[in-house]
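# Structure at a glance
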Amino acid sequence: AKDNGGDQFHIYHQDMYQRVAHRVMMESEVRQALAKGQFSLSLQPQIVAKSKQLYGFEALLRWKHPEKGMISPDDFIPILENSEHMVELGYWIIRRCFEHCQELRNLGLNEVRIAINLSAGQFIDVNLPSFLRALLAEFNLPAKCFELELTEQTLVKDIDRAIEMMNALKEIGFSFAIDDFGTGYSSLAYIKKMPVDVIKIDKSFIFGMLENHADYQIIISTIAMVKNLGLKVVAEGVETGAQLRSLAENDCDIIQGYYFSKPIPEAELFDFIKSQISD
Ligand code: C2E
Ligand code: CA
Ligand code: CA
Ligand code: CA
């Protein structure tokens, strides 16, 4: 933007200053928010497309700010990326997922899986494997209870290091999902190079899948390819019964979306499970 004249340069500069200031403010707020218990998780059910049985939950972070109200994770996680606060918050998220997994198993859901989103900073943290190992021992849970979700943003920073980390965690028994599949630049390269177990087709393809020919074709080809590679495929953002039927007919394994359930605040999880069991 620099060569568009002096004014532009000034605006560019101020914008950058504001972004840095915003990030610094966010970082200190996150620290306080953690201490004050303003974070929580919501858990969104994932359903087996054919049988409609509960497969697991994706854990989604929620921040209830005392003045600003609910802040979307999309509005603060990208800003905190690479900060040590995100690593700290990430540890909190992971521990919480272990607690929920244990609660669910205590309710008799022994096969339930929790999908955990990992940010870039968290994923290259050298302490991550030992942290996870310690939690598995503390909670006496098998690693197969957890699926770690990675996006292209998580992976591009340092691809060799990311693969090393994946191999270390796979050895412990964790599985990996590539999130937002199809939105990045090199999604296919990830499938080829990385020990991936699950592909999550991005919701932007699902929303218009029955109206938009291209989206539909992309989805069915992706499902076919992913299954031919022996991987599992999840469709997220499934909002209608018609989408669900079409995905199930085309052999999609798992569906996630508002049609079945919105993310459930953790305080309501118990009631949700009870209502499911009594159905
Ligand atoms: P994501 O990982 O792609 O998560 C799926 C998002 O789609 C969630 O938004 C979920 O609420 C929303 N969603 C699910 N089903 C539907 C549907 O049928 N229709 C529509 N319109 N939306 C649906 P949310 O919870 O706002 O999270 C946004 C993003 O923030 C996540 O996208 C993820 O990238 C990030 N995020 C959330 N929690 C965490 C976390 O614990 N750690 C990290 N690193 N990132 C997180
Ligand atoms: Ca995700
Ligand atoms: Ca996603
Ligand atoms: Ca996303």
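Calculation rules
Residues numbered from 1 in each chain as written. Chains lettered and ligands numbered in written order. Predicted model: local features only at pLDDT ≥ 70, side-chain atom pairs only at ≥ 80, totals over all residues. Heavy atoms only, no water. Donors = N, O, S within 2.8 Å, 3.2 Å for Na, K, Ca; no water. Helix = DSSP H or I, 4+ residues; strand = E, 2+ residues; numbered from the N terminus. Buried < 20%, exposed > 50% of the residue type's maximum accessible area, 1.4 Å probe, protein only. Salt bridge = Lys/Arg side-chain N within 4 Å of Asp/Glu carboxyl O. Core = buried A, V, L, I, M, F, W, Y, C linked by side-chain atoms within 4.5 Å. Contact = heavy atoms within 4.5 Å. Expected span 1.5 Å × (residues − 1). Polar contact = N/O pair within 3.5 Å; in protein donor to acceptor, adjacent residues only side chain to side chain. Near = heavy atom within 4 Å. Areas by Shrake-Rupley, 256 points an atom, 1.4 Å probe, with all protein chains shown as cover. Pairing = 2+ DSSP bridges. Axes fitted to C-alpha atoms, helices over the stretch in contact; angles between N-to-C directions. Parallel < 35°, antiparallel > 145°, perpendicular 65-115°, else oblique. Left-handed = near helix turned anticlockwise from the far one by under 90°. Nonpolar A, V, L, I, M, F, W, Y, C, P; charged D, E, K, R; others polar.

- For the protein, an unreviewed UniProt entry supplies the name EAL domain-containing protein and the organism Thalassotalea castellviae.

### Some points on the coordination of the calcium ion (ligand 2)
- In the first shell of the calcium ion (ligand 2), the protein supplies Glu 58 (OE), Asn 117 (OD1), Glu 149 (OE) and Asp 179 (OD), at 2.1 to 2.3 Å from the metal.
- In the primary sequence, the donor residues of the calcium ion (ligand 2) line up as E-x58-N-x31-E-x29-D.
- Between the calcium ion (ligand 2) and the calcium ion (ligand 3), the interatomic distance is 4.1 Å, and Asp 179 donates to each metal, bridging them. Separated by 59 residues along the polypeptide, Glu 58 in strand 2 (residues 54-65) and Asn 117 in strand 4 (residues 113-117) bring together distant segments of the chain.
- Residue Glu 58 is classed as buried on the basis of its relative accessible area of 4%.

### Focus: the pattern of salt bridges
- Taken as a whole and assessed by the stated rule, the structure comprises 14 salt bridges.
- For Glu 266, the salt bridge goes to Arg 96, with nearest N and O atoms at 3.1 Å. Remark: Arg 96 occurs in helix 3 (residues 84-106) and Glu 266 occurs in the loop between strand 10 (264-265) and helix 12 (269-278); sequence separation between them is 170 residues.
- Since its relative accessible area comes to 27%, Arg 96 is described here as partly exposed.
- Put simply, Glu 236 and Lys 200 hold a salt bridge, and the shortest N to O gap is 3.9 Å. Note that Glu 236 is positioned in strand 8 (residues 232-236) and Lys 200 in strand 7 (residues 198-201), a separation of 36 residues in sequence.
- Within this structure, Glu 58, Glu 149, Lys 200 and Glu 236 form a network of salt bridges that share partners.

### Observations regarding the nonpolar core
- Phe 123, Phe 146, Leu 169 and Leu 247 are the most contacted members of the largest nonpolar core, which has 76 residues in total.
- The greatest single-element share of this core, amounting to 8 residues, is contributed by helix 3.
- Non-local contacts of Leu 247, meaning those with residues more than four positions away in its chain, are made with Ile 206, Met 209, Ile 219, Ile 223, Ala 235, Val 238, Cys 252 and Ile 255.
- In this structure, Ala 177, Val 198, Val 234 and Ile 254 belong to the second largest nonpolar core, which totals 5 residues.

### Some words on helix 3
- Over its 23 residues, helix 3 runs 33 Å from end to end, which matches the ideal 33 Å to within 8%, given 1.5 Å per residue.
- Every buried residue of helix 3 is accounted for by His 85, Met 86, Val 87, Leu 89, Gly 90, Ile 93, Ile 94, Cys 97, Phe 98, His 100, Cys 101 and Leu 104.
- For helix 3, the N-terminal capping position is held by Ser 83, with its side-chain oxygen 3.0 Å away from the main-chain nitrogen of His 85.

### Some details on the site of ligand 1
- Looking at ligand 1, there are 23 residues lining it, with Leu 61, Arg 62, Asp 179, Glu 239 and Tyr 258 nearest.
- One nitrogen or oxygen atom from the side chain of Glu 58 is found 3.3 Å from an oxygen atom belonging to ligand 1.
- Within the backbone of Ser 119, a nitrogen or oxygen atom sits 3.5 Å from a nitrogen atom of ligand 1.
- If ligand 1 stood free it would expose 810 Å²; the protein chains cover 88% of that surface.

### Regarding the pairing of strand 1 (residues 39-48)
- Where burial is concerned, most of strand 1 is hidden: 8 out of the 10 residues are buried.
- Bridge count between strand 1 and strand 2: 9 bridges; the pairing is antiparallel. Each residue of the ladder has a partner; that of Gln 44, found in strand 2, is Glu 58.
- Turn length for the strand 1-strand 2 hairpin, with the two strands adjacent in sequence and antiparallel, is 5 residues, and the turn residue Lys 52 shows positive phi of about 65°.
- Sheet topology places strand 1 next to strand 10; 2 bridges connect them, and they run antiparallel.

### Examining the packing of helix 3 against helix 5 (residues 128-139)
- Orientation of helix 3 relative to helix 5, taken along the N-to-C sense of each, is 25°, at an axis distance of 11 Å. Judged by the inter-axis angle, helix 3 sits roughly parallel to helix 5. Like other packed secondary-structure pairs, helix 3 and helix 5 cross with a definite hand, here right-handed. Counted together, Tyr 91, Ile 94, Arg 95, Phe 98, Glu 99 and Gln 102 of helix 3 and Leu 128, Phe 131, Leu 132, Leu 135, Leu 136, Glu 138 and Phe 139 of helix 5 form the full contact between these two elements.
- Residue composition of the contact of helix 3 with helix 5, by class: 9 nonpolar, 1 polar and 3 charged.

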